[in-house]
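Chain by chain, the residues:
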Amino acid sequence: MTENTRATGAENILEMRSITKTFPGVKALSEVSLSVRRGEVHAICGENGAGKSTLMKVLSGVYPHGTYEGEIHFDGKLSTFSGIVDSEKAGIAIIHQELALVPYLSVAENLFLGNEIKGRGGLIDWNRTNGEASKLLARVGLAENPTTPIGQLGVGKQQLVEIAKALSKDVKLLILDEPTAALNDNDSAHLLDLLRQLREEGMTSIMISHKLNEIEAISDAVTIIRDGQTIETLDMRADAVTEDRIIRGMVGRDLDSRYPERESRPGEEILRIEDWTVGHASQDRLVVDHASLNVRAGEVVGIAGLMGAGRTELAMSVFGRSYGRYLGGRLYLHGKPVQARSVREAIKVGLAYATEDRKKFGLNLIDDIKRNVSAAALGKLATGGFVDANEEIKVAEDSKRSMNIKAPTVSALTGKLSGGNQQKVVLSKWIFSDPEVLILDEPTRGIDVGAKYEIYTIINRLVAAGKAVIVISSELPELLGICDRIYTLSAGRITGQLPIEQASQESLMVLMTKGGGLTTEPDPHPTTPSGDDLPPSGDDLTPQERTA
């Protein structure tokens, strides 16, 4: 594959030439070349597993010189980094998707960890440390006390701390791997504004992202990698580059539609939730307030809401009361009341919940595919109290084939898979439990458009088989593309529902931003407003609060 030639409006700060990286049995990169101009924001796109992160790990010294073939020229010099310390000394900083911050240390301690500011006698000068930390935080637009423990900050603010940490090291090239994958819209917009500001200051950035609208908005150039090879580099300023054009390069073909077609034929009601009310795990406030909804066989029902609306809290509390303090409400399956007071009981009655954080809560990353697939329903494989290992392998092989999981064998470690394939393992686990209702929380977060299409196809297969599916998503176009009906949440309350024929981003946003919630009957029309506004809840919680 050859790289398109771009106008040389500025000199290149980086040239990676014919980079080839091989792991046992797998060629991750094959003759990949990348040129980045000084002072630009350069995006790298590709499907999960295309080699994007591997290429950046080669560049930053995570994979040291000698473990790959090819040359790296940075800032006019041939670079042979033997580790990440060498690349940082040269002016390269990488911020990985999994943030490398210590939650129990302060913001200032994290900023200068390994690069401490010392005074007399070699002791840390805390006054200077906190003072310099305040300057760095101001530079990235973060108004936080530098003595605040990192664990008390949300993900968006932690991302800014990571960038401030990079800036403390006199960085020339900033690499961001999926920087907005876990951020809400406001935090994402703030981060993109910061990248624009750094570009104006002469900083060069490389951004890996699956959010094509963000790439279109901020990048000067985009390099597309597919199957470990460079496909092309597009000049976003000179060429008429659209999202569809980028997708064509990523998947090797045009996608006629980003959402597979499905004929909607909802059947009988399967799940009904009435007056579901949940208190915060440790604070005296509600996160779900008398929520009611229902879902039928063969139906995809969406839940839309802004960050803090209580979407995840609703789902987790319904699934075995695994979040917060249950204060009231009823569950019905096929019209009959059921109890789901624990995750075990929820699975037993036919519920399944695929978490929004697959790496933390959805998978055992240090175990293999087959054990992850069988984890939620081991009883189905047990004889005399022992798991039938051969049957476990067979089940995993069936899932690998039907879900198109790209891995050498079902004995491959789940943590080594790409994000899209990890998500397929999560879905395989819950499909094997044979649920009647599957709740999917941000099912396509952090995965590429090709893998998203496959996930949507899997959802269609489930509803065609008579299952009921609830999808929580921050992407309104996604909900509009795959759902039959969409409920809206605001401050823990259902504010309305719309059939897909009447729904639009504008109409959903009106309902999502209602100040006073509505208590609705589960089917099908919202009632009039009632009650006072609640403070923000749910998605605004820190990781420590969410797992309390």
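For clarity, every value in this text was computed on a predicted model and none was experimentally measured. (Residues numbered from 1 in each chain as written. Predicted model: local features only at pLDDT ≥ 70, side-chain atom pairs only at ≥ 80, totals over all residues. Heavy atoms only, no water.)

S.K.: Just give me the short version of the overall build of the protein, but keep the residues and values in it.
M.R.: A count of helices and strands for the protein gives 18 helices and 22 strands. Computed over the C-alpha atoms, the radius of gyration of the protein is 24 Å, within 12% of the 24 Å expected from 2.2 N^0.38 for a compact globule of 548 residues. For the C-alpha atoms alone, the extent of the protein along its principal axes is close to 70 × 55 × 50 Å. Among the 548 residues that make up the protein, the fraction classed as buried is 53%. Within the protein, contacts between residues separated by at least 24 positions form 69% of all contacts whose residues are at least 6 apart in sequence. Roughly 23,700 Å² of accessible area belongs to the protein as shown, and the carbon and sulfur atoms make up 49% of that amount. Considering the protein, the positive charge centre built from 62 side chains and the negative charge centre built from 75 side chains are found 4 Å apart. (Helix = DSSP H or I, 4+ residues; strand = E, 2+ residues; numbered from the N terminus. Rg over C-alpha atoms; globule rule 2.2 N^0.38 Å. Buried < 20%, exposed > 50% of the residue type's maximum accessible area, 1.4 Å probe, protein only. Contact = heavy atoms within 4.5 Å. Areas by Shrake-Rupley, 256 points an atom, 1.4 Å probe, with all protein chains shown as cover. Lys, Arg positive; Asp, Glu negative; His and termini not counted. Charge placed at Lys NZ, Arg CZ, Asp CG, Glu CD.)

S.K.: A description of the packing of helix α14 (residues 419-432) against helix α15 (residues 449-464) should follow, citing residues and the corresponding values.
M.R.: The N-to-C vectors of α14 and α15 enclose an angle of 10°; their axes lie 10 Å apart at closest approach. In terms of orientation, α14 lies roughly parallel with respect to α15. Note on packing geometry: the crossing formed by α14 with α15 is right-handed. Note on element contacts: α15 touches α14 through A451, E454, I455, I458 and L462, opposite G420, Q423, K424, L427 and I431. Of the residues belonging to the contact of α14 with α15, the class tally is 6 nonpolar, 2 polar and 2 charged. (Axes fitted to C-alpha atoms, helices over the stretch in contact; angles between N-to-C directions. Parallel < 35°, antiparallel > 145°, perpendicular 65-115°, else oblique. Left-handed = near helix turned anticlockwise from the far one by under 90°. Nonpolar A, V, L, I, M, F, W, Y, C, P; charged D, E, K, R; others polar.)

S.K.: Tell me about empty space enclosed by the protein, residues and numbers included.
M.R.: Considering all chains together, one arrives at 1 cavity of 30 Å³ or more under this definition. Here the largest cavity is characterised by a volume of approximately 60 Å³. Taken together, L271, I273, L293, I303, L314, A315, V318, I439 and I470 form the lining of the largest cavity. Mapped onto the lining of the largest cavity, the elements with two or more residues apiece are β11 (269-279) and α9 (311-318). Class assignment for the residues of the lining of the largest cavity results in 9 nonpolar, no polar and no charged. (1 Å grid on protein atoms, 1.4 Å probe; cavity = no way out; pocket = protein on both sides within 12 Å on 5 of 7 lines; lining within 4 Å. Points joined across faces, edges and corners; volume = space filled by probe spheres on them.)

S.K.: Any details on the packing of helix α5 (residues 155-167) against helix α6 (residues 185-200)? Residues and values, ideally.
M.R.: Between α5 and α6, whose axes approach to 10 Å, the crossing angle comes to 15°. In terms of axis orientation, α5 runs roughly parallel to α6. Read as a crossing pair, α5 and α6 show a hand that is right-handed. From α5, G156, Q159, L160, I163 and L167 reach across to α6, where they touch D187, H190, L191, L194 and L198. Each residue belonging to the contact of α5 with α6 can be placed in one class, and the counts come to 6 nonpolar, 3 polar and 1 charged.

S.K.: For the pairing of strand β16 (residues 351-354), give the residues involved together with the corresponding values.
M.R.: Of the two faces of β16, both are covered, the one formed by L351 and Y353 as well as the one formed by A352 and A354. Pairing between β16 and strand β19 (residues 437-441): 4 bridges, direction parallel. Looking across to β19, one finds that Y353 is bridged to I439. (Pairing = 2+ DSSP bridges.)

S.K.: Outline the sheet that holds β11, supporting the account with residue identities and numerical values.
M.R.: One open sheet holds the 4 strands; their spatial order is β12-β11-β14-β15, and the pairing between them is antiparallel. The open sheet has two edge strands, β12 (286-296) and β15 (336-338), and neither has a second partner. Strand-to-strand twist of the sheet, defined as the mean angle between neighbouring strand axes without regard to direction, takes the value 15°. Here strand β14 (residues 325-333) pairs with β15 via 3 bridges, running antiparallel. Counterpart to L331 in the pairing with β15 is V338.

S.K.: Account for the nonpolar core, with residues named and values stated.
M.R.: Core analysis: the biggest nonpolar cluster contains 77 residues, and L271, L314, L351 and V437 have the highest contact counts within it. If one sorts the elements of this core by residue count, α15 sits on top with 7 residues. Setting aside anything within four residues of it in sequence, one finds L314 in contact with W276, V288, A291, L293, I303 and L489. Core analysis: the second largest hydrophobic core is formed by 49 residues, A93, V107, V161 and V449 among them. (Core = buried A, V, L, I, M, F, W, Y, C linked by side-chain atoms within 4.5 Å.)

Nothing here speaks to function; it is all geometry.
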